[in-house]
Structure formats: structure tokens, C-alpha cells
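# Per-entry structural report
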Amino acid sequence: MLRPVRRVRKTLQATFLPAGYPTSVGSNYLSYTLWQAVTNFATTANGVLASTFLLYSVGLGAGAIPTAGALNWVLKDGLGQLGTLLFGKAIAHNFDIHSKTWYFMSFLLLSTATGLEIATILAPSSFLILGSTANMVKGLSWMAGGSTRSVFNLSFVRDNNIADITAKNTSQYIFASLFGTTAGVSICAYIGQSAPLALLCFSGLAWTAIYSAYRTVKAIPLPTLNSTRLQLLAARYLKCIRTSSTGLVGFSSGSYMSYQQPPGYVSYQQEYEVPEDEDDTCELELPSPLDLAHQDPPLPWVTADRRILNPAIHVGTQLDKLVQGQPALLVVLLATFRFQRYLLVPEASAIHMVLHAEAAPRDMVQAYLQACILRKCIKAGVQLSHDNVHELRIILHDTLLAAEALTPPFMRALARQGWQTEKIVVEAHRRRARCPDNNWNTEFDFTPANYKKVAEIIARYPPNYKASACIPVLDIAQQQNKGWLSLAAMNRVAKVLDMPEIRVNEVLDMPEIRVYEVATFYTMFNRSKMGKYHVMICGTTPCRLQGAQHIEHALVDKLGIHIGETTADGMFTLGEMECMGACVNAPMIAIADYTTGVEGFTYNYYEDLTPKDACDIIDTLRKGEKPRVGSQHRSKAEPAGAVVKDKWVPAKGGETLMGKPPGPYCRDLTDPPPPPPQPAA
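Here goes a summary of the coordinates provided. Given the structure is predicted, the values throughout are model-derived calculations rather than measurements.

Reading guide: rules and limits
Residues numbered from 1 in each chain as written. Predicted model: local features only at pLDDT ≥ 70, side-chain atom pairs only at ≥ 80, totals over all residues. Heavy atoms only, no water. Helix = DSSP H or I, 4+ residues; strand = E, 2+ residues; numbered from the N terminus. Buried < 20%, exposed > 50% of the residue type's maximum accessible area, 1.4 Å probe, protein only. Salt bridge = Lys/Arg side-chain N within 4 Å of Asp/Glu carboxyl O. Pairing = 2+ DSSP bridges. Axes fitted to C-alpha atoms, helices over the stretch in contact; angles between N-to-C directions. Phe/Tyr/Trp six-rings, centres within 6.5 Å; stacked < 30°, edge-to-face > 60°. Core = buried A, V, L, I, M, F, W, Y, C linked by side-chain atoms within 4.5 Å. Contact = heavy atoms within 4.5 Å. Parallel < 35°, antiparallel > 145°, perpendicular 65-115°, else oblique. Nonpolar A, V, L, I, M, F, W, Y, C, P; charged D, E, K, R; others polar.

## Quick notes on the environment of N310
By the secondary structure assignment, N310 is in the loop between α12 (300–303) and β1 (312–315). Residue class for N310 comes out partly exposed when judged on its relative accessible area of 33%. Along the chain, N310 and I378 lie 68 residues apart, while their C-alpha atoms are 9.8 Å from each other.

Put into C-alpha cells, the structure is as follows:
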């Protein structure tokens, strides 16, 4: 008795399950297969029902069936294929990023198309419109379902058996469809041409198909990371990190600024600091692909836990739209994320993420970690107003430092839990910020003349202290590279100095990191493309007291740019610099001339400026001439006058050290004190 049962079981397994089952496939494969079979059964039965009533609607009788069949053939194959082409062009790129979503959507669409076909019996005059629309929706459904099913098959591969799994998936579909066809024919024979009964049967089968499709996607343990799964995992990981402190904090200790924060502000860098003894605990609490499968919503914007995925994270928003009319916001973003391959723009209702064209998976993970921390910041009631860029920059900087610290242990935990971190897909349209002049593929090398200068500089230091030459060698590279340091320039400096190799995260060898640390610390090094002339306004107290702000306003109006920007012709870049060390001749500017490379490089001060003087210097440089260097109104720093209310006022003899001081004078302490005042009479 047991032998025939075993034989039947073996035959069924060989027919419908991959060889070597269950070790040759991933977890939940049987659950996925059974729910998918129910889905295919229900949709096939509904398809038979819909096709029958579509034929009825043409002539409402058997005599019209040949004509109806011809028309249905044209609609199904013609308009259906046309719809597939049109919709496929528009949305097919979404299938990889949201495979579960589009698989589930395919059955929603198929049920909608089936309903439209059955509805033709109620409105025969609208047969062409309803039938055409239904077939176009069907085409999209078939494309989405077929494309995403291949992703699911791949996720179950454990023994290099993708072809076997795909073949058995086809066998399962055929078997379920045969039963579905039989059921559909039986239903049609029973209900005849009754529209109410048809709609009732359709509703039951459609609900069965949608529910079983929902259970199907819930059973699929996709190990790939998309936007939804990355957010769920980041939220779980952040929740595990121990909260260490709240209160009045600012930037991390050791940073170049310190700010007093409003009461209740949280130091996210401190809150999400990972103690060594908690790393393993948080890793164990991080769900595996199988654990997360039932939490991964098929429709994130409808069925997701809004407590976790709200505010939404939008990837690929155009930066110019986010900062339109807000130059101060753009400056804050570029300054905060200048060394990252992404930037974040938080709003009350959403967090926008802009990825660099060279952004790697690690950059994406860090970006999502920071976005999730910012999300908690928004939920805590912190106002991230674009009008208050001062506070916005503090929060962005603080959360950035926290995300940087968390990214290495988070990625290690993901890999150990079975997640694929080598490739992450988070965007349907690849809208990324491009920087063709500063990426890993650009080239830079010193000229022979500059190699001699570099050799002279390095020769000043003992062999074991060659790294001390980093700053002057970087300066040579910046002068040759027209005023800025690209990645290629910094990498070349690292090779020239032959710095010792260090390891980061025990994964990437990055000998250039020592050079990056220097180049990103000192403000004298520029990390973005500059104009031929870098005009820097001194913004320290003595120059401000003497009207440096008016110099800035005049240059902004003259050049048509703001601080940190470059003119359209690439001639001038406007910047700000702290104390230039010539306070006696305030206000002043410094101009670096990169027009002739290293040999002709100049860095000159222009002092005792009025707004008109600053504009005249710009005009002189535009003409290709050399403006007067140093004070614009005296020889050096002799007491010959001063800038007063944006005008140069020459000194008079009694108002300087060259003449007698005008007083008031100190009294002679040997004189007797004055008599006390007499009381009034």
C-alpha cells in the first residue's frame, strides 16, 4: 500500500518540484508554490468567465460567436500587444526595484481587466472601448507578472539550478491553469448568460486571486535591498542602538564650531553611537531575508507601517527644484555633503535624496541610515525649516557623523544575516548628480617642471617623514589644476609621497585617505572647480567693522553670484576667508590668480577698500591688466587715513600720530582736587 503512494509522491515531486528538493531551493519555496498555484487557478477561471461574456456581449447569442471571435482576436493580440509596448516603455524600469509590488499589481490589473471584459455584457454598445482597455491592461499585467516571476525564481536558487526552478514553475502554472480552465467552463455552463451571477462569481474568484497573490509575495524572501527593505532594516537597527544622551549639544567635540541648541534637541551622533558590547546584539536582532519577508509590504504606499516609512524618502528629486530661490540652502547642502556621494534635503512631509553619479552601495546605505535618523528627528518635532539654515546645517552635520559611524557595523550585520550588499537598487529612474571633472576615472599628473618642484620639497624632509611634505605638494597640485584638488590630484600626491597603506573596515585598501584628511581639513585647499580668479573677502571682526559686508554686497552685485559660486564665464569665484592678518588696513580682499598655472601663480592682498575700489579691481582683471596690490590709498600702513562709511577719508595732521593729539587729555595727578560743589542757595 505504501509503495504506490511513494511512487505517486515521487512522480509528483519530479514533475512539480526542482531536483534535490528541499535542499536545492530556498526557504518558503513550498509555501510560495502553493499560494502561486491558487492564484493561477483563480485567474484562469476568471479568464474563462470573462472571455465567454466578452463573446456574449458582441451579439448576445450563439449566432454571433464567429464574428465575436474574430473581433476578440484583433483586440487581444493587436491592442493587447500595443498596450504592452506603450506601458512597458513607461514603467518596465520599475520591475527590478519593486518586484513584489509589481507582481502583486499584475494580479490587481488582471482582475481589473477581467472585470472590464465581463462588464461588456452590461454595455454592449461600449464593447470596443471596454474590450480595448481590458486587453491593454492585460498586456501590462502579463509583462509585470512574467518579468517579476523570474526575480522570484532566482531568489530561491541554492544549487545553480535556475533553469530547473523556472521549468518547474511552468509545470506548476500549466497544472493550475488546467484546473482553472475546467472550473471556469463549469461555472459558465452553470450561470449561462446571467450577468448578476457572472459578477458574483467574478468577485469571489478575483478576491481569491488577490489574496493568494498577497500571500505569495509575503512568502518570498528576497535577499536584495531596495528602498523599502533598506528602510525597514535601518529602522530596526537604529531602534536597537542604545540611547546615550539628550540635551543641549552641538557639533561633536573637536569640531571647528560649537552651538547652543534649543531645549529637547537630541545629539543623534551620541544617541546612535554603537558601543562595542552591543554590536553583536544588534546584529542578532537584525532580521534575515526570511524573517523580513512577511513584513515587506507589497504596496509600500498603502499597506506599509506608516509609523516606520513616514515621512517618505524620495530618491532622484532634481536638486534645482529643491533649492530653487534658496541660495543659502544650496550653500549649506554643498558644504555639509561636500565629501559625500549623496546629499539629503529634509522637509516636513518628505526627505529627498540626491545620489552622486559615482555613488556606491556603501554610500546608499549611509544615505538611508542618515535619512532614517532625520525621519526620527522630524517625528520628534524638530523643525527642519529651510529658512533657518543655521540650525539645519547643525542637524545635517550631526546626523551625518552618526550615519558615518554606523555604516560599517550595519553593513557587516547585513552581510552576516544573508543580505546582498554588493548591489543595491533604490531608484526607478537613474537621476543622479554628475561631476565629470571629479571622479575616479579622471586623470592628473604633475608636469616635468612641477615634478622637480615636488622633488625639492620632499628633499627637505627625512626619508621617514616624507608625509610632512603633504601640504606644500598639495599646494603645487592645486596651482597646476587651476585652483582646486580633484580626486585624481589627491591620489597622485599620495602616490608621489608613497604613504603607507592603511585598511578601512578591513575591506578596502585606501592609501589615499591620509591625503584626503589633509585636503579636507585646511580651508586653503579647494575641493570644487574654481574660476580663474578666486576672490576672497575677509569676514573677521576688524574688516566687518570697517565695512567688509558692503564690499561683499558690491561684489555680489558686480559679479551676479553669491559666496561659493562661480561666474558663468568661469572667470571669478567669490569666497570668504577668515583673518588675512592685515587688520590695520581693513577692509580687504585676497585674490588667487590661477590663470597661468604654477609658474605665474600669485596670491595678492588688496587693502583699504571701498566698494568702488573692489569693483574697479574686478574691471581691471577683466581687461587682463594687473590692479594695484596692497593698500589702494596709501603706501603701506602709515597713518594717512581710513575707510569711513565706504569712503576713503584722508587723515588730518591732528588726527594721527604725526600731529598733536586733539585730546581729551589725562589730568595731572599732582594738581589738588577740585573743590566740592556748593549747595544751592
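So, next bit.
## Points about the pattern of salt bridges
By the definition in use, this model includes 13 salt bridges. Across the pair R492 and D445 runs a salt bridge whose closest N-O atoms are separated by 3.4 Å. Of this pair, R492 sits in helix α19 (residues 487–497) while D445 sits in the loop between α16 (389–416) and α17 (448–458), placing them 47 residues apart in sequence. For D445, a relative accessible area of 39% translates into the label partly exposed. We note a salt bridge from E552 to R544, for which the minimum N-O separation is 3.3 Å.

## Focus: the sheet that holds strand β3 (residues 350–355)
The strand order across the open sheet formed by 3 strands is β1-β3-β2, and the pairing between neighbours is mixed. The strands lining the two open edges of the sheet, one partner per strand, are β1 and β2 (342–346). Direction aside, the axes of adjacent strands within the sheet are offset by 20 degrees on average. By the bridge criterion, 4 bridges tie β1 to β3 in an arrangement that is parallel. Residue pairing for β3: V315 is matched across the bridge by M353.

## Regarding the packing of aromatic side chains
Enumeration over the complete set of coordinates arrives at 20 aromatic pairs. Measuring from centroid to centroid gives 6.1 Å for F104 and Y214, while their planes differ by 70 degrees, and the two rings are edge-to-face. Residue F104 is located in helix α4 (residues 99–119), and its partner Y214 is located in helix α7 (residues 195–218); the two are separated by 110 residues in the primary sequence. Here F104 falls in the buried class, since its relative accessible area comes to 7%. Y214 sits in the partly exposed class, given a relative accessible area of 27%. Look at Y237 and F410: their rings are 4.9 Å apart centre to centre, the planes differ by 45 degrees, and that puts the pair in the tilted class.

## Details of the nonpolar core
Membership of the largest hydrophobic core comes to 55 residues, with the highest contact counts inside it found for M353 and F410. Counting residues per element, the ones that place at least two in this core are α8 (227–240), β1, α14 (327–336), β2, β3, α15 (361–379) and α16. The residues touching F410, leaving out its near neighbours within four places in the chain, are L230, L233, A234, Y237, L286, V365 and L369. With 25 residues, the next largest nonpolar core counts A477, M490, V515 and V518 among its residues.

## Digging into the environment of T602
As for its placement among the helices and strands, T602 is situated in strand β9 (residues 602–607). Judged by relative accessible area, which is 28%, T602 ranks as partly exposed. Sequence separation between T602 and I591 is 11 residues; the distance between their C-alpha atoms is 8.0 Å. Contact partners of T602, with chain neighbours within four places excluded, come to I591, A592 and D593.

## A few points about the environment of T33
Along the chain, T33 falls in helix α2 (residues 29–59). Classification of T33 by relative accessible area gives buried; the value is 8%. As for T33 and T216, which are separated by 183 residues in sequence, their C-alpha atoms are 7.8 Å apart.

## Digging into the packing of helix α18 (residues 470–480) against helix α20 (residues 513–521)
Packing of α18 against α20 leaves a shortest axis separation of 11 Å and a crossing angle of 75 degrees. Compared by their axis directions, α18 and α20 come out roughly perpendicular. Along its contact with α18, which presents C470, I471 and L474, the element α20 presents V515, V518 and A519. Of the residues belonging to the contact of α18 with α20, the class tally is 6 nonpolar, no polar and no charged.

## Points about α19
The buried fraction of α19 is high, at 8 of 11 residues. Listing the buried residues of α19 in full gives L487, A488, A489, M490, N491, V493, A494 and L497. Those residues of α19 that are buried are in contact with α17, α18 and α20.

## Observations concerning unusual backbone geometry
Leaving glycine aside, a negative phi is the common case for residues, and trans is the common case for peptide bonds. In this chain, Y21 is followed by P22 through a cis amide linkage whose omega measures 10 degrees. Residue position: P22 is located in the loop between α1 (2–16) and α2. Here the amide bond leading from A586 into P587 is cis, since omega sits at -5 degrees, within 30 degrees of zero. With respect to the secondary-structure elements, P587 resides in the loop between β7 (572–577) and β8 (589–593). With a phi close to 60 degrees, K482 is a non-glycine residue in the positive phi region. Relative to the helices and strands, K482 is located in the loop between α18 and α19. One non-glycine residue with positive phi stands out, namely D608, at about 55 degrees.

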